[in-house]
Protein chains: 2
Amino acid sequence: MLIPSKKGQYALRAIYELSRRKDEGPIKISTIADVQVIPHRFLEVILNQFKGSGIVEAKRGVYGGYSLTRSPSQITVGDVLRYLQRDRDATACLACVSQKTCPFFDNCGFLKLWQKVKAAAFDIYDQTTMQDLLDSNETDIALKQAPVE
Amino acid sequence: MLIPSKKGQYALRAIYELSRRKDEGPIKISTIADVQVIPHRFLEVILNQFKGSGIVEAKRGVYGGYSLTRSPSQITVGDVLRYLQRDRDATACLACVSQKTCPFFDNCGFLKLWQKVKAAAFDIYDQTTMQDLLDSNETDIALKQAPVE
DNA sequence: CAAATCCCGACAAATATAGTCAAGAAGGCA
DNA sequence: TGCCTTCTTGACTATATTTGTCGGGATTTG
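Residues numbered from 1 in each chain as written. Chains lettered and ligands numbered in written order. Predicted model: local features only at pLDDT ≥ 70, side-chain atom pairs only at ≥ 80, totals over all residues. Heavy atoms only, no water.

Visitor: Explain the overall build of chain A to me, and be specific about the residues and the numbers.
Guide: When its secondary structure is counted, chain A shows six helices and two strands. Listed N to C, the secondary structure of chain A is α-α-α-β-β-α-α-α in terms of helices and strands. The burial tally for chain A puts 46% of its 149 residues in the buried class. Per element, the accessible surface of chain A, about 8200 Å² overall, is 52% carbon and sulfur. (Helix = DSSP H or I, 4+ residues; strand = E, 2+ residues; numbered from the N terminus. Buried < 20%, exposed > 50% of the residue type's maximum accessible area, 1.4 Å probe, protein only. Areas by Shrake-Rupley, 256 points an atom, 1.4 Å probe, with all protein chains shown as cover.)

This is the structure in structure tokens:
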């Protein structure tokens, strides 16, 4: 998974939405789900997994919802993706499909290659903050409204 | 898929094996499967998909088997992975999970990010030839036999 | 012709991903 | 207090994808 699964993309979109509205106080799951077109129940599961991540926090009750615990410029795509994967990465060998079933163990000629690629991908993910995404999206919209001909 | 699935890894290992033995004439599927620990029948399917790729060619009959059509230094990991994916990439949007279901179409803030990551990965894959893998593996083995202390 | 080998399409099994549900806990407010 | 709203939790189901298998057919060589 270097281009995230739907779940990963939902997570990012949800956190992106929270970033967009960081000054509106807690945002309800149902609001995020509506705006970002994510199945409500599934988003519950997803956001719940971010408990303890230090990225979001939840509040129950009438004025409850989710909000960010740090500013969008301090949350990277890498943070989000890594957190979503934390248990899997521990066991699974990123190089071969699985260290147990790889017949070459530490002598697999492809291992270094996979590591290089994963590093390259996470270089990019780690350098991209939620704030960057907000900014780049605004630029896009501006360009569309006043296109250069 | 930027770190290849098992199938992709099988394909690479098979072509790697053909590279190692490029001077031995056609190699039987069953030989490749044995050496590289790949399910025989599955490998049949996989190699069959490379028909028309310009990477390998098959010969039937008693002294039949597979062989490369170009030298290992002219086959990149990118060639192999791309060929394996050719039909999928045509329809599926590499950016969102699928263009049809992505609610943001061409306005998805993440699209450029996925493209960047995919490009970074294929930069590496396209620069890595089968010959490179052969060479690097030999170096590894040499280092193990005479480790620097 | 027979034996070896690839070829082909359909099928089956395993795994991963995506999504749902029901009941509970907690916060806010009258 | 009691009620409404919202997150919490864990189990459950459904769907898609990946990984394989099988039987029989086509080719080549001797």
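Visitor: Mind laying out the protein's contact with DNA strand C, listing which residues take part and the relevant values?
Guide: Taken together, 27 residues sit near DNA strand C, with Lys6 of chain A together with Lys28, Ile29, Lys51 and Tyr66 of chain B positioned nearest. Backbone sugar and phosphate groups make up 73% of those atoms of DNA strand C lying within 4 Å of the protein. The separation between a phosphate oxygen of DNA strand C and a polar main-chain atom of Lys6 of chain A is 2.9 Å. Contact between DNA strand C and Arg60 of chain B: a sugar or linking oxygen at 3.4 Å from a side-chain N or O atom of the residue. Contributing elements (two or more residues each) for the surface near DNA strand C: α1 (6-20) and α3 (40-48) of chain A together with α3 (40-48), β1 (56-59) and β2 (65-68) of chain B. (Near = heavy atom within 4 Å. Polar contact = N/O pair within 3.5 Å; in protein donor to acceptor, adjacent residues only side chain to side chain.)

Visitor: Quick one: what's the story with the pattern of salt bridges, residue by residue and with numbers?
Guide: Summed over the entire model, instances satisfying the criterion amount to ten salt bridges over all chains. A salt bridge links Glu17 of chain A to Arg20 of chain A; its shortest N-O distance comes to 2.8 Å. A residue pair is termed a helical-turn pair when its members lie 3 or 4 positions apart in one helix, as Glu17 of chain A and Arg20 of chain A do in helix α1 at three residues. Classification of Glu17 of chain A as buried rests on a relative accessible area of 0%. Put simply, Arg21 of chain B and Glu17 of chain B hold a salt bridge, and the shortest N to O gap is 2.8 Å. In this pair, the class of Arg21 of chain B matches that of Glu17 of chain B, namely buried. Here the residues in one salt-bridge network are Glu17, Arg20, Arg21 and Glu24 of chain A, joined through shared partners. (Salt bridge = Lys/Arg side-chain N within 4 Å of Asp/Glu carboxyl O.)

Visitor: Describe in detail the packing of helix α2 (residues 29-36) of chain B against α3 of chain B, supporting the description with residues and values.
Guide: All names here are of chain B. Two elements in contact, α2 and α3, have axes whose closest approach is 9 Å; the angle formed by their N-to-C orientations is 115°. The handedness of the crossing between α2 and α3 is right-handed. Across from Ile29, Ser30, Ile32 and Ala33 in α2, the residues of α3 making contact are His40, Leu43, Glu44 and Leu47. Broken down by class, the residue content of the contact of α2 with α3 amounts to five nonpolar, two polar and one charged. (Axes fitted to C-alpha atoms, helices over the stretch in contact; angles between N-to-C directions. Left-handed = near helix turned anticlockwise from the far one by under 90°. Contact = heavy atoms within 4.5 Å. Nonpolar A, V, L, I, M, F, W, Y, C, P; charged D, E, K, R; others polar.)

Visitor: Let's hear about the pairing of strand β2 (residues 65-68) of chain A: which residues, and what values?
Guide: Residues and elements named next belong to chain A. Residues Gly65 and Ser67 of β2 are buried on one face, and the alternating residues Tyr66 and Leu68, pointing to the opposite face, are buried as well. As judged from the four bridges shared by strand β1 (residues 56-59) and β2, these two strands associate in the antiparallel manner. Its bridge partner lying in β2, Val56 is registered against Leu68. Remark: five residues form the turn of the hairpin made by β1 and β2, two consecutive strands paired antiparallel; Gly61 in that turn has positive phi of roughly 90°. (Pairing = 2+ DSSP bridges.)

Visitor: If you had to explain the protein's contact with DNA strand D to someone new, which residues and values would you point to?
Guide: Of all residues adjacent to DNA strand D, which total 27 residues, the nearest are Lys28, Ile29, Lys51 and Tyr66 of chain A together with Tyr10 of chain B. Within the side chain of Asn48 of chain A, one N or O atom sits 3.1 Å away from a phosphate oxygen of DNA strand D. Within the side chain of Lys59 of chain B, one N or O atom sits 3.2 Å away from a phosphate oxygen of DNA strand D. Put simply, the parts of the chain that give the surface near DNA strand D at least two residues each are α3, β1 and β2 of chain A together with α1 (6-20) and α3 of chain B. In terms of residue class, the surface near DNA strand D is built from eleven nonpolar, five polar and eleven charged.

As far as function goes, none of this settles anything; it's purely spatial.
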